[in-house]
Amino acid sequence: AKSAGRNTLRFFDPTMQALVTQRTALELELRHGLARDELVLFYQPVVDQDARVVGVEALVRWQHPQRGLVAPLAFIPMAEQTGLILPLGQWVLRVACLQLVSWSAQAATERLTMAVNVSARQFRQPEFVQQVLTMLRQTGANPKRLKMELTESLLLTDTQDAIAKMSELRDVGVRFSLDDFGTGYSSLSYLKLLPLQQLKIDQSFVRDVLTDPNDAAIARTVLALGQSLGLGVVAEGVETVGQRDFLLQHGCTRFQGYLFGKPVPIAQLRLGGAD
Ligand code: C2E
Ligand code: CA
Ligand code: CA
Ligand code: CA
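Just so you know, these numbers come straight off a predicted model, no measurement behind them.

Caption draft 1: Looking closely at the coordination of the calcium ion (ligand 3). Ligation of the calcium ion (ligand 3) by protein atoms is provided by D179 (OD), D180 (OD), E236 (OE) and E236 (OE), these donors lying 2.2 to 2.6 Å from the ion. Positions of the donor residues of the calcium ion (ligand 3) along the chain correspond to the pattern D-D-x55-E. Taking the relative accessible area as the measure of exposure, D180 reaches 26% and is therefore partly exposed. Its relative accessible area of 8% is what places E236 among the buried residues.

Caption draft 2: Quick look at the side chain of R61. Mapped onto the elements, R61 comes out in strand 2 (residues 53-64). Salt bridges are absent for the buried R61, whose nearest opposite-charge side chain, E57, sits at 8.7 Å. Apart from the residues lying within four places of it in its own chain, the contact partners of R61 are E38, L39, V40, F42, L69, V70, P72, F75 and P263.

Caption draft 3: Spatial organisation of the nonpolar core. If you look at the biggest cluster of nonpolar residues, it comprises 75 residues, and the most contacted ones within it are V116, M148, L199 and L247. The element that contributes the greatest number of residues to this core is helix 4 (residues 85-104), accounting for nine residues. Contact partners of V116, with chain neighbours within four places excluded, come to A58, V92, L93, A96, L146, K147, M148 and E149.

Caption draft 4: Region of the structure containing helix 11 (residues 241-249). Among all positions in helix 11, only Q243, R244, F246 and L247 are buried. For helix 11, the buried positions fall inside an angular range of 165° around the axis, keeping them on one side. Check the buried side of helix 11 and you find it contacts strand 7 (198-201), helix 9 (203-206), helix 10 (213-229), strand 8 (232-235) and strand 9 (254-255). Following helix 11 by one or two positions, G251 adopts a phi angle in the positive range, close to 100°.

Caption draft 5: Structural view of the coordination of the calcium ion (ligand 2). The protein atoms that coordinate the calcium ion (ligand 2) are E57 (OE), N117 (OD1), E149 (OE) and D179 (OD), at distances spanning 2.2 to 2.3 Å. Mapping the donors of the calcium ion (ligand 2) onto the primary sequence yields the spacing E-x59-N-x31-E-x29-D. Between the calcium ion (ligand 2) and the calcium ion (ligand 3), the interatomic distance is 4.2 Å, and D179 donates to each metal, bridging them. Of this pair, N117 sits in strand 4 (residues 113-117) while E149 sits in strand 5 (residues 146-151); the two residues are 32 residues apart in sequence, bridging distant segments of the chain.

About the thresholds
The written sequence of each chain sets the order in which its residues are numbered from 1. Written order determines the labels here, with chains lettered from A and ligands numbered from 1. It should be noted that, the model being predicted, local features are given only for residues of pLDDT at least 70 and side-chain atom pairs only at 80 or more, the latter also being counted only at that level, while totals for whole chains, interfaces and linings use all residues. Values reported for side chains reflect all heavy atoms of the structure, with hydrogen atoms and water molecules removed beforehand. Any N, O or S atom lying within 2.8 Å of the metal counts as a donor, and for Na, K and Ca the limit rises to 3.2 Å; water is left out, so some sites can look incomplete. Using a 1.4 Å probe on the protein chains alone, a residue whose accessible area is under 20% of its type maximum counts as buried, one over 50% counts as exposed, and one in between counts as partly exposed. Runs of H or I in DSSP of at least four residues are treated as helices and runs of E of at least two as strands, each being numbered from the N terminus. In summary, the charge assignment counts Lys and Arg as positive and Asp and Glu as negative, without counting His or the chain termini. By salt bridge we mean one thing: a side-chain nitrogen of Lys or Arg within 4 Å of a carboxyl oxygen of Asp or Glu. Working rule for contacts: check all heavy atoms of both residues, and any pair within 4.5 Å makes them a contact. In this text, buried Ala, Val, Leu, Ile, Met, Phe, Trp, Tyr and Cys residues form a nonpolar core when linked through side-chain atoms within 4.5 Å. Think of it as the arc spanned by the lines of direction from the helix axis to the C-beta atoms.

Take a look at the structure:
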């Protein structure tokens, strides 16, 4: 009777039922959205000390016929859970590679790097490396221009497997950046084991870098760590000149944030230099 009661309660819980229905509807819609080509990549510039654009990060959005432009946080977690992240991730990679190919035809853009976000589920697939290599070959994109952003938790769950995959891709020129650095585990010893080229200071530390001494200390520590390990450091979420100057003073050479440009569709991307 006890367990029946619990089941009954669960089954008739209207909020839970509504959540399940919503989730299923959204999943189905995303499945259709992928098939109907409703996803779009926005690009956010990454700049150097002189505010010159050196690359972009590709950030996915869903141009939904009724809901409008949907932010990734509204569907990426669901896509991770349902496995839709696999076709979605392949789509992102293809579009990003094709964009690199189109940039490679002009001197002004041929050296730009394209960073794509890779989800844990995507990276953990045994076929991950082969899929990336196939995509590079099929599109003709230069692997040296491609950067993959990984998160700490992803690298810590099976570090040996991660090292093997990253090494194989690094051998053809693909580079790796550690996203949201500082927000997860604080084990630093694994950092030097990984074939990484870059750390990204999470925007949660950049936001209050001028007012919160703890955030300032973390930002300085990441910059010093990058220096001693021979890794580049990019600061994300830079919105003010004050934040940029602080980071610059402590050795940061790559910046990303609204101060330099929001994520925009390709037609609105201003790569600078000419003006
Ligand atoms: P993320 O990789 O940490 O991306 C940075 C987020 O910060 C982006 O949010 C970007 O629009 C936002 N941002 C950039 N500069 C500023 C700034 O100056 N101020 C503020 N307040 N925000 C800034 P977005 O585009 O909503 O993406 C959210 C997250 O969704 C990403 O976080 C990433 O984890 C995930 N995501 C986006 N695109 C993809 C994708 O293609 N594949 C996967 N697996 N995840 C993706
Ligand atoms: Ca990222
Ligand atoms: Ca980030
Ligand atoms: Ca994030």
